[in-house]
Amino acid sequence: LIDGSLLILIGFTLSFTFYIFSQYAPNFGSAVVKLGANNAKSLISWYASASLISVFITSSLVTKVKPIKLIFVYTLVSFLALLQMVLVPSAAGARLTAIAIGFFAAGGIWQLGLTLLSQYFPAQKGKVTGYYSFATALTFFVGPLVSSFIINDTAVSVLHVFQIDTAVTLLSLLIVIILMIRNRRFQI
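Definitions and cut-offs
Residues numbered from 1 in each chain as written. Predicted model: local features only at pLDDT ≥ 70, side-chain atom pairs only at ≥ 80, totals over all residues. Heavy atoms only, no water. Helix = DSSP H or I, 4+ residues; strand = E, 2+ residues; numbered from the N terminus. Rg over C-alpha atoms; globule rule 2.2 N^0.38 Å. Buried < 20%, exposed > 50% of the residue type's maximum accessible area, 1.4 Å probe, protein only. Patch = residues over 30% accessible without salt bridge, like charges linked within 9 Å, V, L, I, M, F, W, Y side chains within 5 Å. Areas by Shrake-Rupley, 256 points an atom, 1.4 Å probe, with all protein chains shown as cover. Salt bridge = Lys/Arg side-chain N within 4 Å of Asp/Glu carboxyl O. Phe/Tyr/Trp six-rings, centres within 6.5 Å; stacked < 30°, edge-to-face > 60°. 1 Å grid on protein atoms, 1.4 Å probe; cavity = no way out; pocket = protein on both sides within 12 Å on 5 of 7 lines; lining within 4 Å. Points joined across faces, edges and corners; volume = space filled by probe spheres on them. Nonpolar A, V, L, I, M, F, W, Y, C, P; charged D, E, K, R; others polar. Bend = angle between axes of the 7 residues up to and from the residue.

**Some words on the overall build of the chain**
Here is step 1 of the chain: Helix and strand content of the chain: seven helices and zero strands.
Here is step 2 of the chain: Taking 188 residues into account, the globule formula puts the C-alpha radius of gyration at 16 Å, and the chain, at 16 Å, falls close to it.
Here is step 3 of the chain: Expressed along its principal axes, the backbone C-alpha trace of the chain runs to roughly 50 × 35 × 25 Å.
Here is step 4 of the chain: Out of the 188 residues belonging to the chain, those deemed buried represent 48%.

Here it is, written out as structure tokens:
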């Protein structure tokens, strides 16, 4: 029950990481690091390209590495990329973060969480998939709701949105660490 609840929460937090990035990266590019409109929008192209590449690489890695370990590494890299982006904003850093979030947050990590949840509850795959998907769907409501109260055309407001995204990604990382500890303890 504890692990299942944590994994369902991961469905929300992991999705929040890449959803917020995909929605507000151009704002970051234009307002924070002063990129031109086309260059700011190109952050999404970097993100999408890395995401596509990740799907293929992650699908081959999942047969060789435990999903929980991949989720940990992917979440850690996503957190570190977002952290550097908000602490040291730069055009190059924004591009690297776009690639990192595309590859490590958007390119298959959600499916890894669902795979892990299904391993915990093999007899209830449909039910847990529904819960996990519901938690993910909340992202598409909560993300814009929270952001709409914060964001405007100022660099400070855009940074605040990405600080929240970084904090949620840190929460994901903490949840994954708890799951890893429990995973060793219960040998699942």
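After that view, the rundown keeps rolling.
**A few points about a nonpolar patch on the surface**
Here is step 1 of the chain: Together, Leu170, Leu174, Ile177 and Ile181 line one region of the surface with nonpolar side chains, adding up to about 320 Å² of accessible area.
Here is step 2 of the chain: Its place among the elements puts isoleucine 181 in helix α7 (residues 155-186).

**Focus on the packing of aromatic side chains**
Here is step 1 of the chain: Under the counting rule described, the total for this entry stands at nine aromatic pairs.
Here is step 2 of the chain: Look at phenylalanine 12 and phenylalanine 16: their rings are 5.7 Å apart centre to centre, the planes differ by 35 degrees, and that puts the pair in the tilted class. Highlighted residues: phenylalanine 12 and phenylalanine 16, both in helix α1 (residues 2-32), separated by four residues, approximately one helical turn. Accessibility classification places phenylalanine 12 together with phenylalanine 16 in one group, the buried group.
Here is step 3 of the chain: Seen from their ring centres, phenylalanine 103 and phenylalanine 104 are 4.7 Å apart, and the 65 degrees between their planes marks the pair as edge-to-face. Note on accessibility: phenylalanine 103 and phenylalanine 104 belong to one class, buried.
Here is step 4 of the chain: Through a chain of ring-to-ring contacts, the aromatic side chains of Phe21, Phe28, Tyr47 and Phe162 assemble into a single cluster.

**Side note on empty space enclosed by the protein**
Here is step 1 of the chain: A full pass over the atoms with the stated rule returns one cavity of 30 Å³ or more.
Here is step 2 of the chain: Approximately 30 Å³ is the volume attributed to the largest cavity.
Here is step 3 of the chain: As for the largest cavity, its lining consists of Leu14, Thr17, Thr75, Ser78, Ala105, Ile109, Thr169 and Ser172.
Here is step 4 of the chain: Broken down by secondary-structure element, the contributors of at least two residues to the lining of the largest cavity are α1, α3 (67-87) and α7.
Here is step 5 of the chain: The residue inventory of the lining of the largest cavity, partitioned by class, reads three nonpolar, five polar and no charged.

**Some points on α1**
Here is step 1 of the chain: In the structure, α1 departs most strongly from a straight axis at tyrosine 24, where the bend amounts to approximately 50 degrees and where the proline proline 26 lies between one and four residues downstream.
Here is step 2 of the chain: Two residues or fewer after α1 comes lysine 34, characterised by a positive phi angle close to 60 degrees.

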